Amino acid sequence: MKRLIYFAITILLFVSSCTENPTTLNITLPVQNGEYHLIISGRNGYRKEITSTLNSLTINMPEPGVYDINCSLFISGKLEKEERITTRIKEGVNEISIPLSDSIAHLVIDLEGYEEYASSIIRLKVKGESGRIKEMESTIDDKATQIIFNDIEMGLNELKVEIIEKDGEIIFCKKENLMIEEGINRISLLLESESIENDEMGFKIENMSALPIEGRIEITEIDMKKGEIALSFVLYTEVFDDITILWYENGKFIHEGEKLIIESNSSPKRIDAIAYSEKPGSAGSFTFKL
């Protein structure tokens, strides 16, 4: 009898452990003839990178929380589309869809020179040619502030900037026109208190989008005894310090890193290197044939 009771308790414990709900994330992507690269980051320094040709992925998450997902689509080694979303993951099974739609534009605004207006409110409004408006407010602190507008119209947009005191009084208001292109647009919004004209402060807009990555693939060593060739990626400029390089042989992903070692047999090979940075707009693809 004791054995039966012990056996029943063991079964219950086993079933209970099996029915615990792990935290998982199911991601659905558009059907494309290309390769997806995803970077998932979150609390406690969590970071996971995934490269896949599948449009449906299941990922085991370490714990519930808020996560950023950056998804890039590469077709024939060229960066075609990019989307960044923030989502809250709950315990159990989570379902999200990343559309990577065509004709989507994002605007990243870095605020500078607003220290003397700390604790005031800055209100930014982006208005497209169709009349579509996206608006956002943020409290100014003593450091640079970043404001991100997702999914805005491409083409000519009007940017309206207002600074509002605690009592609701608008102490600064100005409008400027921006040309928004597909993908990520990045500008620096600098308040110029020294350029006061007609009792109205001005601000300066600077395009802060990073340049495309430029470089080449070089042979650094040929070892005839081992039958190996060492390749490396060489940057033309020193402005990038956070480059990730993905290597492909005849269209198949084989390695990540600055250097690659391949076999020096007689069969023809096409080696592609995709280099990208965390800086918006910075990416490049390079080909080497053997």
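Because the structure is a prediction, the values reported are computed rather than measured.

A. Representation of the sheet that holds strand S20 (residues 259–263). Sheet architecture is open: 3 strands sit in the order S16-S17-S20, paired in antiparallel fashion. Each edge of the sheet is formed by a strand with only one pairing partner; in this case those strands are strand S16 (215–223) and S20. Across the sheet, the mean angle from the axis of one strand to that of its neighbour is 25°, orientation sign disregarded. With 5 bridges joining them, strand S17 (residues 228–235) and S20 adopt antiparallel strand pairing. For Ala230, the partnering residue across the bridge sits in S20 and is Ile261.

B. Spatial organisation of the sheet that holds strand S13 (residues 170–180). In space, the 4 strands of this open sheet follow the order S10-S9-S12-S13, with antiparallel pairing throughout. Two strands bound the open sheet, and with one partner strand each, they are strand S10 (133–139) and S13. On average, each strand axis in the sheet is tilted by 15° relative to the strand beside it, whichever way the strands run.

C. Representation of the nonpolar core within the structure. If you look at the biggest cluster of nonpolar residues, it comprises 22 residues, and the most contacted ones within it are Leu107, Ile109, Leu124 and Leu159. At the level of elements, strand S8 (105–112), strand S9 (121–128), strand S11 (145–152), strand S12 (155–164), S13 and strand S14 (183–197) are the ones that each hand at least two residues to this core. At 4 residues, the largest contribution of residues to this core is made by S8. When neighbours within four sequence positions are excluded, Ile109 is seen to be in contact with Leu124, Thr145, Gln146, Ile147, Phe149, Leu159, Ile187 and Leu189. By size, the runner-up hydrophobic cluster in this structure holds 19 residues, among which are Leu38, Leu57, Met61 and Ile89.

Parameters and conventions
- Residues numbered from 1 in each chain as written.
- Predicted model: local features only at pLDDT ≥ 70, side-chain atom pairs only at ≥ 80, totals over all residues.
- Heavy atoms only, no water.
- Pairing = 2+ DSSP bridges.
- Helix = DSSP H or I, 4+ residues; strand = E, 2+ residues; numbered from the N terminus.
- Axes fitted to C-alpha atoms, helices over the stretch in contact; angles between N-to-C directions.
- Core = buried A, V, L, I, M, F, W, Y, C linked by side-chain atoms within 4.5 Å.
- Buried < 20%, exposed > 50% of the residue type's maximum accessible area, 1.4 Å probe, protein only.
- Contact = heavy atoms within 4.5 Å.

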